[in-house]
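# A look at the structure
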Amino acid sequence: MMSSKSLGNPYSEKTDLRHGAECGCSSCAGGGTHATSAAGPDLATREGMLERAVESAIVRSVFGHSDIGRRSFMGMMGGTTVAAALASVFPMDAAKAAILDNLGPPEKTDLNIGFVPITCATPIIMAQPLGFYERYGLNAQVIKTAGWAVARDKSLAGEYDASHMLTPMPLAMTLGAGSVAEPYIMPAVENINGQAIVLSNEHLDKRDPKQWKGFTFGVPFEYSMHNFLLRYYVAEFGLDPDVDIQIRVVPPPEMVANLRAGNLDGYLSPDPFNQRAVYEGIGFLHILTKEIWEGHPCCAFAAPLSFATELPNTYGALLKSIIDATQYASKAENRKEISEAIAPTNYLNQPVTVIEQVLTGTYADGLGEVKQVPDRIDFDPFPWHSMGVWILTQMKRWGYIEGDVDYKSVAEQVYLAADAKKVMEDLGYDAPDVTYKSHTIMGKTFDPATPEDYVKSFAIGKG
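These numbers come from a predicted model, not from an experiment.

### Structural notes on the sheet that holds strand S4 (residues 184-189)
Spatially, S2-S1-S3-S11-S4 is the arrangement adopted by the 5 strands of the open sheet, whose pairing is mixed. The open sheet terminates on both sides in strands that have one partner only, identified here as strand S2 (139-144) and S4. If you compare each strand with its neighbour and ignore which way they point, the axes differ by 30 degrees on average.

### Quick word on the packing of helix H15 (residues 335-342) against helix H16 (residues 352-360)
Contact pair H15 / H16: the axes reach a minimum separation of 9 Å and the direction vectors enclose 140 degrees. Accordingly, the angle class assigned to the pair H15 and H16 is oblique. By crossing handedness, the relation of H15 to H16 is classed as right-handed. Residues Arg335, Lys336, Ile338, Ser339, Glu340 and Ile342 of H15 pack against Val352, Ile355, Glu356, Leu359 and Thr360 of H16. Of the residues contributing to the contact of H15 with H16, the split by class is 5 nonpolar, 2 polar and 4 charged.

### Regarding the packing of aromatic side chains
Per the counting criterion, the structure on display carries 16 aromatic pairs. Plain terms: the ring middles of Trp293 and Trp390 are 4.9 Å apart, the flat faces sit at 65 degrees to each other, and that makes the pair edge-to-face. Taken together, the positions of Trp293 in the loop between strand S10 (283-288) and strand S11 (299-304) and Trp390 in helix H17 (residues 385-397) put the pair 97 residues apart, joining distant regions of the chain. For the pair Trp293 and Trp390, one class covers both residues: buried. Positioned above the aromatic ring of Tyr232, the side-chain terminus of Arg397 is 5.5 Å from the ring centre.

### Quick notes on the packing of H17 against helix H18 (residues 407-414)
It is at 9 Å that the axes of H17 and H18 come closest, and there the two elements cross at 125 degrees. In terms of their interaxial angle, H17 and H18 are classed as oblique. Pair H17 / H18 crosses with right-handed handedness. Here His385, Gly388, Val389, Leu392, Thr393 and Lys396 of H17 come into contact with H18, specifically with Tyr407, Lys408, Val410, Ala411 and Glu412. Class assignment for the residues of the contact of H17 with H18 results in 5 nonpolar, 3 polar and 3 charged.

### Side note on the sheet that holds strand S6 (residues 195-200)
Spatially, S8-S7-S9-S6-S10 is the arrangement adopted by the 5 strands of the open sheet, whose pairing is mixed. Of all strands in the sheet, those bounded by a partner on one side alone are strand S8 (246-249) and S10. Neighbouring strand axes in the sheet, compared pairwise and without regard to direction, differ in orientation by 25 degrees on average. Direction of pairing for strand S7 (residues 216-219) relative to strand S9 (residues 266-270): parallel, over a ladder of 2 bridges. Looking at S9, one finds that Phe217 is bridged to Gly266.

### Quick notes on the confidence of the model for the chain
Reading fine detail from the predicted coordinates is not recommended where pLDDT is low. Overall, the predicted model of the chain reaches an average pLDDT of 84, with 78% of residues at or above 70. Below pLDDT 50 for its whole length, residues 61-80 participates in 13 contacts with residues either more than four positions away or in separate chains. Counted against residues more than four places away or in other chains, residues 95-101, with its pLDDT under 50, gives 10 contacts.

### A look at the pairing of S10
Of all the 6 residues making up S10, 6 are buried; the element is thus mostly covered by neighbouring parts of the structure. Pairing of S6 with S10, which is carried by 5 bridges, proceeds in the antiparallel orientation. Bridge pairing in S10 links Ile197 to Ile287.

Each value, and the rule that gives it
- Residues numbered from 1 in each chain as written.
- Predicted model: local features only at pLDDT ≥ 70, side-chain atom pairs only at ≥ 80, totals over all residues.
- Heavy atoms only, no water.
- Pairing = 2+ DSSP bridges.
- Helix = DSSP H or I, 4+ residues; strand = E, 2+ residues; numbered from the N terminus.
- Axes fitted to C-alpha atoms, helices over the stretch in contact; angles between N-to-C directions.
- Parallel < 35°, antiparallel > 145°, perpendicular 65-115°, else oblique.
- Left-handed = near helix turned anticlockwise from the far one by under 90°.
- Contact = heavy atoms within 4.5 Å.
- Nonpolar A, V, L, I, M, F, W, Y, C, P; charged D, E, K, R; others polar.
- Phe/Tyr/Trp six-rings, centres within 6.5 Å; stacked < 30°, edge-to-face > 60°.
- Buried < 20%, exposed > 50% of the residue type's maximum accessible area, 1.4 Å probe, protein only.
- Lys NZ or Arg CZ within 6 Å of the ring centre and 35° of its normal.
- pLDDT = per-residue confidence, 0-100.

Printed below as a string of structure tokens:
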């Protein structure tokens, strides 16, 4: 079961934590979560998703456009039974092999892709003005979205074909934490690093986190690296984030205004709003999150599993667009061009100089120094399964999920590392040969092979 944890959000994004009972599946009705059937296609792989796509296409050909008839039939028979019946009269293996080897033009070219206006979304945003979507046969419109609850809800409602999301979101959505349970996939990370803890200038004399008792901090969403990194950071200094400080959900564009108004003492936010606080003269950078965890993931490209299974060619073209744009953004020599491309009102609506400070890593820290940190934000599309496992351990640690968690299975179902590797190599980029590695967070090593031991190793937590 999922816990009913709340951040006490007084702002525009209402926290609504429900388990997946509304979805009506037998697993959720029994108090469980969605799982991949061992008898069906392995949806953690590109091949598994395309197998499902073939089966779905054949069933659609039988029932035409009658969704009701098709779903009723599938519901009565069960997916595995249907697959077996189809295989007895149709050369399924041959059809699957043909699709895997001959991905054709996109089935759908006009796409709506949501984004929240932050620098973490750089590849998704810049892919439109710099022509990456068009390069792969897509007419994609990127749509500015106020915050993460809106992005989640519009994606679940089908208004967005795919969306810029925070890396914990597709894990939470798949598990039914914070929304109805719906299988989601995350085939590419957008950015690594790229966040900071900002404090109000009123707290220039409180640089030691042990002095932060009673502070109110903003984070952009409950299921975010920002929330989990802030919790991790203060807990390492002996503060219980659920007792000693208050954490509120604040949409990123509202962070600076709330800091100025005194509603927040600080925040762990996406850029450019960290740098914007310095630019406005109301805050300073306490620490970059890369100093907490070098190379940590933050934002990602995500979509409902159904998008990939029903439109495999479109999915493949979109993933190529995003990964190609992400690799372009990773090159330092392209950062100034990108800053100008994503600054306009319909994208980030920020001064170019603010965005350049973030993307180039040459920036004022609000404490009288100009820093040179070229990888303050970086871009690497590979979705490490070990990163997904770490995020799940923090969800367990802080009570967002309870009971037994199959960390490895969930991470591999959602984080499609095989897809990223295939596309990266097809485009001529290097990709890792493994999907798990250890990570070091504030000097402590995380071994993804022993996640439950890791959860229990902390003095402060609920897991």
